[in-house]
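# Structural overview for review
What follows is each chain in one-letter form.
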Amino acid sequence: MNHLSAYGAGKYTRPIKQVVIVQRGTNATERHYLAPRLARCALPVVCWDLLADSSAPNLEDAYVIIVRYLDRAALQAIRTARPRLAGVAWLLDDDLAAASSELRLPLRYRYRMARFWLSFSRAIQDIASEIWLASDVLVERFASSEDSVSCFRIDPVADYGPAPVHMPHKPGEPVTVFYHGEITHRGECLWLKPILEDVQRRTQRARIEIIGHPDIGAAMHDVPRCSVIPPMPWQKYRAHIDGTRGDIGLAPLLPSRFNGARSFVKYLEIVRHGGVGLFAHTRVYRDVVVDAVNGRLLAMDRQLWAETILDLVEDDEERCRMRAGTLRRIPALTPPSLSQLVSAGT
């Protein structure tokens, strides 16, 4: 077998014979950042699901990838196995520290992030040979600290598996305008409400689909022709966006330290759902969206968003033209060590 040398800050020297992914259940982070890449890896890839497995797998000569979170048992197992490991990478696609002080986020979520960060961030950085971060902003923030851990940007890539084939839109058919949010998108969803109310007053053709928590459903109950779907597990969400078509995807982003470190994963999800996206004109999306080519980049101005949505609802040809633009390949940055893992044994 063709073994690899460990890659990192000199903390690990053993050859890499397997990859172990540490995660909490099937999740979007692993699906967007690891699964499409490691599908091409010739080395054994083991999933250590902290929600299902109470004991650690064999970690002999393993390159361990921590997806966002650890618990105390897993941390201790990795520490104990440290002399036998080939490397440890920590994958982060959000600024968890900034989340704890983001007032627009639910208090319970902020508390959970703060507790995790204070309990585990130092310990994980002590065992990590490198950190994989989903935006340049995150890389800049970690690199500016006094820690010696190597930091690399990792971009999300097109979702794992073949892309769905969505039926072409028929002239005059209702147009689905969608916003798929999570608990961290509550502020953006509420920001959209007066826009969606304006759109629905001025056209009968649009249908609104929102994924959001119960308080979002309550806030949106008086928006005409609007359905609010509760958040769902990743696999069910994947089946939803593959099995149905959305036409106009919305991705606003309110200014904050937490939002400034986000990645462009919303672009990939909108495209996979068959839609053309309207994106906040921020650093997050400027690397992947060319305005009026594969989406729209818009200032966070409600009137501008309402007018742009209305124009696209009524212009089937323009939506089709920009949808064709989304088929262009988006370059994705990959940490050198992950590229090395992918090419192992090939």
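Our subject is the structure listed above.
Quick caveat, the model's predicted, so the values are computed rather than measured.

What follows covers the sheet that holds strand E8 (residues 206-211). Spatially, E9-E8-E7-E10-E11-E12 is the arrangement adopted by the six strands of the open sheet, whose pairing is parallel. Each having just a single partner strand, strand E9 (226-229) and strand E12 (296-298) make up the two edges of the open sheet. Between one strand axis and the next, the sheet turns through 20 degrees on average, direction left out of account. Pairing of E8 with E9, which is carried by four bridges, proceeds in the parallel orientation. Directly across from Ile211, in E9, lies its bridge partner Ile229. Where helix H7 (residues 186-202) meets the sheet, its contacts fall on strand E7 (175-180), E8 and strand E10 (248-251), and the angle it forms with E8 comes to roughly 165 degrees.

Another aspect to go through is the sheet that holds strand E3 (residues 62-67). Across the sheet, six strands lie side by side as E2-E1-E3-E4-E5-E6; this open sheet has parallel pairing. Edge positions in the sheet fall to strand E2 (45-49) and strand E6 (150-153), since each has one partner strand and no second. Direction aside, neighbouring strands of the sheet carry axes that sit 20 degrees apart on average. In this structure, strand E4 (residues 87-92) lies alongside strand E5 (residues 130-133), joined through four bridges in parallel fashion. Among the inter-strand pairings, Leu92 is bridged to a residue of E5, identified as Leu133.

The subject of this paragraph is the packing of helix H13 (residues 302-314) against helix H14 (residues 316-325). The relative placement of two packed helices is expressed as an angle between their axes plus a distance between the axes. The contact between H13 and H14 brings their axes to 5 Å, and the two run at 100 degrees. On the basis of the axis angle, H13 is roughly perpendicular to H14. Of the residues in H14, those touching H13 at Leu312, Val313 and Glu314 are Asp316, Glu318, Arg319 and Met322. Taken together, the residues of the contact of H13 with H14 break down into three nonpolar, no polar and four charged.

A two-sided burial pattern is seen for E5, the buried positions comprising Glu130 and Trp132 on one face and Ile131 and Leu133 on the other. As defined by bridge partners, E5 adjoins E6 across four bridges and the pair is classed as parallel. Within E6, the residue paired with Glu130 across the bridge is Ser150.

Take the nonpolar core next. Counting residues in each nonpolar core, the largest one holds 42 residues, and the members touching the most others are Val64, Ile66, Ile78, Leu85 and Val88. When residues in this core are grouped by element, the largest group, eight residues, is from helix H5 (residues 107-127). When sequence neighbours within four positions are dropped, the list of residues in contact with Ile78 reads Trp48, Leu59, Val64, Ile66, Leu70, Leu85, Val88 and Ile127.

Moving on, we come to empty space enclosed by the protein. The tally for this structure, following the rule as stated, stands at two cavities of 30 Å³ or more. As for the largest cavity, its lining consists of Glu102, Arg104, Leu105, Thr184, His185, Arg186, Gly187, Glu188, Ser256 and Asn259. No other element matches H7, which puts three residues into the lining of the largest cavity. Classifying every residue of the lining of the largest cavity by side-chain character gives one nonpolar, five polar and four charged. In this structure, the second largest cavity encloses a volume near 30 Å³. Elements supplying a minimum of two residues to the lining of the second largest cavity: E7 and helix H11 (265-272). Ranked by residue count, the leading element in the lining of the second largest cavity is H11, at three residues. When grouped by side-chain class, the residues that make up the lining of the second largest cavity number four nonpolar, one polar and two charged.

This next bit is on the layout of surface pockets. Space inside the largest pocket adds up to approximately 1500 Å³. Lining the largest pocket are 46 residues; nearest its centre among them are Arg68, Tyr69, Tyr109, Arg112 and Glu182. With eight residues, H5 is the single largest residue contributor to the lining of the largest pocket. In the lining of the largest pocket, the residues fall into 23 nonpolar, eleven polar and twelve charged.

Okay, the environment of Pro231 next. Note on placement: Pro231 falls in the loop between E9 and helix H9 (234-243). When the C-alpha atoms of Pro231 and Ile211 are compared, they prove to be 5.8 Å apart, with 20 residues separating the residues in sequence. Discounting residues that sit within four places of it in the chain, Pro231 has contacts with Ile211, Gly212 and His213.

Along the chain, the position of Arg205 falls in the loop between H7 and E8. Of the polar contacts made by the side chain of Arg205, one reaches the backbone oxygen of Glu173; its length is 2.9 Å. There is a polar contact of 3.0 Å between the side chain of Arg205 and the side chain of Asp316.

Criteria and thresholds
Residues numbered from 1 in each chain as written. Predicted model: local features only at pLDDT ≥ 70, side-chain atom pairs only at ≥ 80, totals over all residues. Heavy atoms only, no water. Pairing = 2+ DSSP bridges. Helix = DSSP H or I, 4+ residues; strand = E, 2+ residues; numbered from the N terminus. Axes fitted to C-alpha atoms, helices over the stretch in contact; angles between N-to-C directions. Contact = heavy atoms within 4.5 Å. Parallel < 35°, antiparallel > 145°, perpendicular 65-115°, else oblique. Nonpolar A, V, L, I, M, F, W, Y, C, P; charged D, E, K, R; others polar. Buried < 20%, exposed > 50% of the residue type's maximum accessible area, 1.4 Å probe, protein only. Core = buried A, V, L, I, M, F, W, Y, C linked by side-chain atoms within 4.5 Å. 1 Å grid on protein atoms, 1.4 Å probe; cavity = no way out; pocket = protein on both sides within 12 Å on 5 of 7 lines; lining within 4 Å. Points joined across faces, edges and corners; volume = space filled by probe spheres on them. Polar contact = N/O pair within 3.5 Å; in protein donor to acceptor, adjacent residues only side chain to side chain.

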